[in-house]
Structure formats: C-alpha cells, structure tokens
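Survey of secondary and tertiary structure
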Amino acid sequence: MQQGPEEKTILQDVPWPDEPPVMAPGQSFGSVTDTIADAVLQRPIGLGWLLGLFIGMTLIGLLMMAVTYLFLVGVGIWGIEIPVAWGFAIINFVWWIGIGHAGTLISAILLLLKQTWRNSINRFAEAMTLFAVACAGMFPLLHMGRPWLAYWMFPYPSSMGVWPQFRSPLVWDVFAVSTYATISAVFWYVGLVPDLATMREKATHPAGKKLYGLLAMGWRGSARHWKNYEALYILLAGIATPLVLSVHTVVSFDFAVAIMPGWHTTIFPPYFVAGAIYSGFAMVLVLAIPIRHFYHLEGMITMRHLQNSAKIMLATGLIVAYGYAFEAFIAFYSGSTYERFMMQNRWFGQYSMFYWMLILFNILIPQVLWFPKIRANVRWLFSISLVILVGMWLERFVIIVTSLSRDYLPSSWGHYTPTRWDYAVLAGTIGFFATAMFIFIRIMPSISIFEMRALLPEAEVKAK
Amino acid sequence: MSNETANLRQADYAVPAQAAQWQKRSLIVGVVGVVVCIVGTVISLDQFLRGYLIAYMFWLGLSLGCLGLLMVQYLSGGFWGLSIRRVLEASSKCLPLMFVLFLPILFGRHHLYEWMNDPSLTEHNRWYLHTGGWGGWFARWIIYFVIWIALATVLNKRGDMQDSPLPGGIQPRFQGLSGLGLVLYSLSLSFAAVDWVMSLDPHWGSTIYGLIFLAGQGLSALAFCVIMLTLLTRYSPYREIIKPTQFHDLGKLMLAFVMLFAYFSFSQWLIIWAGNLPEEISWYLNRIRGGWGVVALIIILFHFALPFALLLSRERKRAGSRLIGLAVFLMFMRVVDIYWYVVPNFAHERGHFYLSIWYVLVPLAVGGVWLAYFFYNFRQRPLLPLYEPQIPNFLQQGSGHGH
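Just so you know, the residues in each chain are numbered from 1, in the order the chain's sequence is written. Naming scheme: in the order in which they are written, chains are lettered from A and ligands are numbered from 1. Only residues with pLDDT of at least 70 are given local features in this predicted model, and only at 80 or more are side-chain atom pairs given and counted; all residues enter the totals for whole chains, interfaces and linings. Just so you know, side-chain values use all the structure's heavy atoms and leave hydrogens and water out.

To qualify as a helix, a DSSP run of H or I must reach at least 4 residues; to qualify as a strand, a run of E must reach at least 2; elements of each kind are numbered from the N terminus. Check the secondary structure of chain A and you find 16 helices and 0 strands. Taken over the C-alpha trace, chain A has a radius of gyration of 23 Å; the compact-globule value for 464 residues is 23 Å, and the two agree within 12%. Projected onto the principal axes, the alpha-carbon positions of chain A cover approximately 75 × 55 × 45 Å. When the 464 residues of chain A are sorted by exposure, 59% land in the buried category. Any pair of residues with heavy atoms lying within 4.5 Å of one another is described as a contacting pair. Residue pairs in contact within chain A that sit at least 24 positions apart in sequence constitute 82% of those at least 6 positions apart. As presented, chain A carries roughly 18900 Å² of accessible surface, and 71% of it is formed by carbon and sulfur atoms. The charge count includes Lys and Arg as positive and Asp and Glu as negative, but it does not include His or the ends of the chains. Throughout, a charge is located at the NZ atom of Lys, the CZ atom of Arg, the CG atom of Asp or the CD atom of Glu. Side chains of chain A carry 29 positive and 23 negative charges; the gap between the two charge centres is 4 Å. Our radius of gyration is a C-alpha quantity, and the globule rule it is checked against amounts to 2.2 Å times the number of residues to the power 0.38. Exposure classes here rest on a 1.4 Å probe applied to the protein chains alone. A residue is buried below 20% of its type maximum, exposed above 50%, and partly exposed in between. Each accessible area value is a Shrake-Rupley result obtained with a 1.4 Å probe; residue values ignore everything except the protein chains displayed when judging cover.

A cluster of nonpolar residues, Y151, W152, F154, M160, W163, F166 and F175 of chain A, forms a patch on the protein surface that exposes about 740 Å² of accessible area. On the basis of relative accessibility, which here comes to 34%, the residue W152 of chain A falls in the partly exposed class. Patch membership is restricted to residues that have no salt bridge and whose relative accessible area is over 30%. Joining uses 9 Å for like charges and 5 Å for the nonpolar side chains Val, Leu, Ile, Met, Phe, Trp and Tyr. Salt bridges are defined as contacts in which a side-chain nitrogen from Lys or Arg sits within 4 Å of a carboxyl oxygen from Asp or Glu.

Residue-level contacts link 38 residues of chain A with 55 residues of chain B. Here chain A packs against chain B, burying approximately 4000 Å² in sum over the two surfaces, 70% of which is carbon and sulfur. Our count for the contact surface shared by chain A and chain B stands at 0 salt bridges. Throughout this description, a polar contact denotes any pair of N or O atoms lying within 3.5 Å of each other; where both atoms belong to protein, one of them has to be capable of donating a hydrogen while the other can accept it, and for residues adjacent in sequence the pair is counted only when both atoms sit in side chains. Our enumeration of links across chain A and chain B arrives at 12 residue pairs in polar contact (both at pLDDT 80 or more). When residues of the side of chain A that touches chain B are traced back to their parent elements, those giving at least two are α7 (223-256), α8 (268-294) and α9 (303-333) of chain A. Throughout, the accessible surface (probe 1.4 Å) given up by two parts as they are put together, summed over both, is called the buried area.

Quick look at the confidence of the model for chain B now. Residues and elements named next belong to chain B. Taken over all residues, the pLDDT of chain B has a mean of 90, while the share at 70 or more is 94%. Highest mean pLDDT in chain B belongs to helix α5 (residues 95-100) (96); lowest belongs to helix α1 (residues 2-7) (50). Every residue gets a pLDDT, meaning the predictor's confidence in that residue, from 0 to 100. Counting contacts from residues 399-403, a segment whose pLDDT is below 50, to residues more than four positions away or on other chains yields 7 contacts. Interface confidence for the predicted complex, given as ipTM, is 0.92, next to a pTM of 0.93.

Quick look at the packing of helix α11 (residues 209-233) of chain B against helix α13 (residues 244-275) of chain B now. For any two helices packed against each other, the geometry comes down to the angle between their axes and how far apart the axes lie. Residues and elements named next belong to chain B. Lines fitted to C-alpha atoms define the axes, with helix axes restricted to the stretch in contact, and inter-axis angles between N-to-C directions lie between 0 and 180 degrees. As a packed pair, α11 and α13 sit with axes 9 Å apart at the nearest point and diverge in direction by 160°. As judged from the angle between their axes, α11 and α13 are roughly antiparallel. Relative to α13, the crossing made by α11 is left-handed. Each angle receives one of four descriptions, namely roughly parallel if under 35 degrees, roughly antiparallel if over 145, roughly perpendicular if within 65 to 115, and oblique otherwise. If you view the pair so one helix is near and one far, a crossing is left-handed when the near helix is turned anticlockwise from the far one by less than a right angle, and right-handed when it is turned clockwise.

Residue types Ala, Val, Leu, Ile, Met, Phe, Trp, Tyr and Cys, when buried and joined through side-chain atoms within 4.5 Å, form a set referred to as a nonpolar core. Ranked by size, the top nonpolar core spans 300 residues in total, and within it F255 of chain A together with Y56, W148 and W196 of chain B carry the most contacts. The element best represented in this core is helix α3 (residues 45-76) of chain B, accounting for 19 residues. What W196 of chain B contacts, discounting residues up to four positions off in sequence, is L53, Y56, M57, L60, F102, Y113, W137, W141, Y144, F145 and W148 of chain B.

Residue and element names in this part refer to chain B. Tracing the backbone shows R50 in helix α3. For R50, a relative accessible area of 8% gives the class buried. Residues contacting R50, with those up to four places away along its chain left out, are L112, F346, E349 and Y359.

With that settled, the discussion passes to the packing of aromatic side chains. All names here are of chain A. Between rings of Phe, Tyr and Trp, where Trp is taken as its six-membered ring, a pair exists when centres lie within 6.5 Å; planes separated by under 30 degrees are stacked, by over 60 edge-to-face, and by other angles tilted. Summed over the entire model, instances satisfying the criterion amount to 96 aromatic pairs over all chains. Seen from their ring centres, W86 and F255 are 5.6 Å apart, and the 90° between their planes marks the pair as edge-to-face. With W86 in the loop between α2 (47-73) and α3 (88-112) and F255 in helix α7, the pair connects residues that are 169 residues apart, well separated along the chain. The same class applies to W86 and to F255, which are both buried. Each ring, one from W219 and one from Y229, has its centre 5.2 Å from the other, and the planes form 65°; the classification is edge-to-face.

A separate point is the state of the cysteines. All names here are of chain B. For the purposes of this analysis, a disulfide is any pair of cysteine sulfur atoms at a distance within 2.5 Å. Enumeration according to the criterion identifies 0 disulfides over all chains in this entry. Note on C37: no disulfide assigned, nearest cysteine sulfur contributed by C94 at a separation of 18 Å. A relative accessible area of 10% places C37 in the buried class. The closest cysteine sulfur to the non-disulfide-bonded C94 is located on C66, 8.6 Å from its own sulfur.

All names here are of chain A. Topologically, D195 is positioned in helix α5 (residues 169-202). Look at D195 and you get buried, because its relative accessible area is 0%. For the pair D195 and D173, spaced 22 residues apart in sequence, the C-alpha separation works out to 33 Å. Residue contacts for D195: discarding those within four places in its chain leaves R123, P445, I447, S448, I449 and F450.

A few words now on α3 of chain B. Residues and elements named next belong to chain B. Helix span, expected: 1.5 Å multiplied by one less than the number of residues in the helix. With 32 residues, α3 extends 45 Å between its outermost C-alpha atoms, agreeing within 8% with the 46 Å of an ideal straight helix rising 1.5 Å per residue. Judged by how many residues are buried, α3 sits mostly within the fold: 27 of 32 residues are covered. Positive backbone phi, at 70°, marks G77, one or two positions downstream of α3.

Moving on: the confidence of the model for chain A. All names here are of chain A. In this model, chain A carries an average pLDDT of 88, and 95% of its residues clear a pLDDT of 70 or more. Of all the helices and strands in chain A, helix α16 (residues 457-463) carries the lowest mean pLDDT, 59, while helix α11 (residues 352-364) carries the highest, 96. This stretch, residues 1-8, has a pLDDT under 50; its non-local contacts, to residues over four places away or in other chains, come to 25 contacts.

All names here are of chain B. Following both chains from N to C, one finds helix α15 (residues 292-311) and helix α17 (residues 320-342) inclined at 155°, their axes separated by 10 Å at the closest point. On the basis of the axis angle, α15 is roughly antiparallel to α17. Crossing of α15 over α17 shows left-handed handedness. On the side of α15, the interface is formed by W292, V295, A296, I298, I299, F302, H303, L306, P307, L310 and L311, while α17 contributes L323, L326, F329, L330, M333, R334, V336, D337, Y339 and W340. Throughout this entry, Asp, Glu, Lys and Arg are counted as charged residues, while Ala, Val, Leu, Ile, Met, Phe, Trp, Tyr, Cys and Pro are counted as nonpolar. The remaining residues, Gly among them, count as polar. Class assignment of the residues belonging to the contact of α15 with α17 gives a composition of 18 nonpolar, 1 polar and 2 charged.

Okay, here's the thing in structure tokens:
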C-alpha cells in the first residue's frame, strides 16, 4: 500500500546498508510504469512463451481426457481402494491449496506489517493463489464420483431433507475453501483496478483500450478514489489475514479430527499452516525467478525479495521439522501401541522410501538456506524451491497413504498404487496452473505498478 | 551518521533513578515472600511445591520469552525491538537466577512427580521419563540451562558491544546466531515443558504442548515489555523519545500473541474433543469437571475474548497508560492458565477444584526476587544500545517527524 511518511511505524523493515534494496536505484514514475506495462503492451509474443503455453495446453488436454474418462467410468480408474480411499486426489488438493497460501500471506499479512518488499511480488503471488485454489478445488469435486451432486455439500432447503453434517471438517472445508477463493479473487481484482486504468491509458490497440477500460471500472485516480480505495484495501487485507491460518487449519482438521494414527495429533494445525506457507514461497520463487529473468525485471524483483522469501522458507521449514520431530517423540512417549507402530511403519514400512525422501527434500536439503551465499544465488534458490515443492507433496503422500494402508486392524490393511489416470490428473492441473500463469503475465501487469511507484523517493517527497 | 552517533551521550540515556526505588520495593516483596514461603514449606509442603511450580513456570517463562523475543527482533529487524531491547536483555540475564531457583523443585520432586515414586507409571515411556544417566531428567535440566544461559550470555555480550563506538566496519547483526538460538530455544523449551509440567500426568501427551508454552511465554514477555515501557515513559529520556507508534506496535504484537495462544489452545482442545479417545480426553475432563470448568471459562473469556476485543481498538494500543492495565491483567491470566495446567494433575485435584493460598503467595514471592534481580541487571546499562547503527534513525523518528 502507500507508504507515506505518516505510515511508517517501527514494525516496518529497514534495509541495512549492505543489504540489497527493494528496488534498484535509478527508477522513476515513468520508468516503473513503462517497464511493467510494456511487458504486456509492447513486447512481441516470443517463441519461448508460445512453447510454454503449448506445453501447458497439452497438459490441459490430458486433464480433459482423464476427467472425461473419469466421469464415464468412475473413480475406480484411480488407484484408490478400501482402505486407502484417499489417494492422489486429496494429496493434490492439500498440496495445491497449500501453495496458494503464500499469495495471501504476501498480500494481506505483509501489507498489514508494512513490509515494503511485498510490493513487487504480491500481484503474481495473488494470481498464483487464485490458480492454485482453482486446481485444488477440482480434486474434491472429481473425487466425489458424482460431481454433479456437489451442491449437496451446501446447506439448502432441500425437499429430500438432505443436510450437511456440520460436525464434519469436510463440510467446514467447503466453506473455508470457497470463502478463501472468493476473498482471494476480490483482493486480487481490487488490487488490479488502478493498474488497469494505467493500462487503459497506455494501450494503443482499441480493443485493448476497451478491455482494460471496462475492467478499470471508471477509475480516474482522483483523491477521493484513492482515499476510499486505501480504506477498502486495508479492510480486505484484514479480512484475508485470518484466512491464511483458517483454511489450512481446517484442512488439517480433515485429518486430525479422525482418530487415525498419524492423523490424530494436536500439532497438525500450525504445522499444516507452516507447511502451506513453505510450499507457497517455494512456488513464488519458482515463478519469480524466471519472470524476472525473461522480462528483465531484476530492478523490481530484486535479490532482496528472493532472499527474504528464502528466509521465510527456512523459518517455515523449521516449523515443519519441529512438527515431524514432536510427532515422532509423542508417538513413543504416549505409549499408544498404534502410534508407535504408525511411526515405525513410516520409518521402515512399505512406504518408508517416501518418508526418507520427504525428510531429505523438506528438512535436510533446505538447511543450506542458512548460508547467505546460497540465498544470494538464484540458481540454488530455484533448485531448492523445486525440491521443497516435491517434498511437500511427499509429506501429504506419507500422511495419507501410510496411515490409511496400516490402521488399527491388520485384517483391513492394504496397498495403494496410483494408476496412470492419477498421474494424468496431477500433470493436468500443473498444466492448467502453468497455462493460467502464462496467459496472466501476458495480459495483466504482473507487478503492481502503483504500489511500486509508491516506493520511489518521489512518492515520499510528494506526500510531505 | 557516525558523528551524530558519537554525540549521543550515555548519561542522557541512563535508566531513570526511580528504577533503584523499584528494585528496592521488589526486593522487599521478595524477602518477605521468601520468609512466608519458608513458613509454607512447614505448613503444607505439597501445596507450597505446587504453588512453587506455577510460580517457577511463569517467571521462567518470562525470562525465556524475553530471550526469545530478543532473538526475534534481531532476526526480523525493524525499530520495534530497539526501545525494548534492554528490557529483553535484562530479563534474559535472570536465567542464572532461574537455574538456582530450580532447587526447590529438584528437592521436592518426589512430592510433585508421581512417576518418580511409582515406576509402574512409566512402563511405556521409561526411555524418556527416568532420572538417571546422561539422558535423564536431571541431565536434561542441566542441558536446558546450559543452552539458555549460553544464549543469554552471548547475546548480552553482543549487546554490550553496542554501548561503545565500534572500532570500524559494520555492526554485526547476530542474525545467524539468533536463528540458531531460536531453534535451540524452541526445542529445549518444548522438552522442558514435557519434563516439568506434562510429565505430572505421565500417561498423557500432546504434540502441540511445547508450542502452547512458547506462545504463552511470548505473550508474558510482550506484556512485561509494555509495562516496562509505560513506566519508563513517565521519566526522561523515554518521555521525549517514546511515541504512540511504539506502543501501537507492541500492542499489535500483543494482540497477535493473544490470538496465537488461543489458536494453539483451541487446536489442541478441538482435536482431542473430537477424537474423544479415553487416554486423551481425560486431561480435559480433569480440567472441566468439579468446578475446574469455571476456570476454563475464565481462561477463554479473559485470556482470549476480552483482551482480543480491547486490543482491537487503535486508541487503546497507542496509549501506554491504557495498555498497561491490560498488560498486567494478561500476566495475571498467564498465571491462571499455568495454574489450570498444573494443579488438576494431582490425584486429589483431578476433577475437584482447589485453590490454595500458596498458589497466589509463591508466585508473588518469586516475582519479587525475580524483579529485584531484573532491575539490578537493567540499571547496569543505558536505556538504548547507543551505537547500534539504527539508533540515529530511531531517535529522529521519535522526536523529529513524529505526529
């Protein structure tokens, strides 16, 4: 948001002399606007972008195929069976919804904490949230088997007297995720309005002028507009802040409220939230690093952004590690045979390979982020972020599959082997996500123009 | 900038003389308290020890919470840590005192920890709950304090460096040290909470337990900082330096910790309540039945709901005079919460409400001793780390362009 002198508080972060700045020196109002807007309006469509879009679209095609077949035949085409009735669908759901969290954290919490470094990464992080939530939302619907009856999850005066079970976290999920999707979309769009007006002014093609003009909803940038706007933006940030915690807390309740060993543990809410932010920032870096490289935005997405994101990843990763440690400790401390067996099964059972990979990817490798040299190296950051994304996916696999395949009764133990359709849907949503991001960076300013302008020294002088 | 810094005279930023008065009063409370406590050990050793455990966990929590916040403010940067850094440092210096104050628990352990008398209680977890050897209960007590005192010593030494001009170069920021320190602190504190409180009921375990203690300590520490800052702002030089924004930010952080604590506590409750497993739910039943439910309700209303509602007000957060009452009240609620955690573990108090006078007197007595030592530490150094590179900006912000 606007960072005039009045707005400065002691919570604000103040870069040290040897730290990289939030924005490279030598920028002005005009150069900021041009750099960001020209990436959309002037830059010709490149081969690389087309290739990326093509790959994304191909994967969407695969998704369409997999979903069509799923609707024709049913969820039996997946690897799920009793006892492992929650397979890829729920793993992917939790994974995607977690990724979305960084966007909300950056846009809402860092805004309230007046962290100026959020201003260049918030826009595409919010877009990332939207697309990730869209990907996540597909899975419970597909998993239902009869997605056309999805509206049964909502409480409505049905003549059949069907009413959701409000004691089930799965119903809380419906509300948590739909609220989250709504607020994220509104927040993202509201944040775009002033920039859409800028795009309207800068666009040369009449169709572009029309489109941006329509979306800008008559924004003129008058003092009154800004006053109302800022009030609304802060208000929305306040509303969105609890959502960062609540959504993944409710997702963690999906597991923890059940009495399944490995699921029913009290640390799940904070540890799920930390894991979500962990994977979310990994995805932010996976997106930010190529975007700043290919669109020459190094002056706006500076090393400071990447380093701060890396620090947040390190911190949230350590909270996740704390969660793993105390799960194991209490399993052996509490004296419950089932808890002990669950832990031993994770370590040495049929899926132990995934557990140790998870420890390697999520805990051990990211520890190199302690070294400032690594945090200052873009290639390292990109690779570690990819490793974390895989690690967080494995975490959900370990939680869901090892527990369900070995619960209380040995007579009901089982196996889980994903089929090619499981992989097709996962790959398909990745394609959907990538396509949406590719289109987004071409038609919308992927960095917030007006918030970047507010960071310039000129903005402060004017405000005095 | 360096000239400006050099011009700041240490004398101008000395701790106000009134602090000596506060130290003396605390010492009187402490000495009287200790005498009363000695009487207590004679009258009712068991109840005294329970009160002592409550007092110990609270005042240890305050020292450790301040140590934690000290590391957090080095890590996060920002001005909010500057005005309270010396308070945090002086509190963390009380950790050697807390090490010595552990002795009554050490000698009274057989009155507190049932599992030390009855080996059959720890059949399932004797690998952890035993007293001998390098990994035992005694050894862990030493290990925790070695970690805590080492961290406090190193951080305070570094803090001393900021009292005199630097030989040259950029002031180190202690970020790596603080990061590592926070990891060590979180882990050691979590195990200490298991050893000293959770093991009162050796059959019950909860994975979020350590985090609840961490959040509680952070809340105590912030409340204490608000109190200290308000008191200091009555006198020069803080009267001129500290502006409403400083209180506003501490108020926001306090609100955040009130919510964090409630979030952890609620998570633990909801998961255990919904699971309703016999080995877990008993912990809550012992703390709801037989009058304890009222205490639980008081904690919900006054540890969360009321402070939450009050702290939403911007005006309240910006005025130290309005914040201090709430801060004192929150520290009191911290004691109530620890009381609710500790006392229902004992055989007679399981599901039967019990309040002994010692649960009130002992925390006051230990508090007197703790505060006297705190003020002694606090008076040793100027109010601000004057050669910290951020100080000129901080002072300018406070006096110059404030609003």
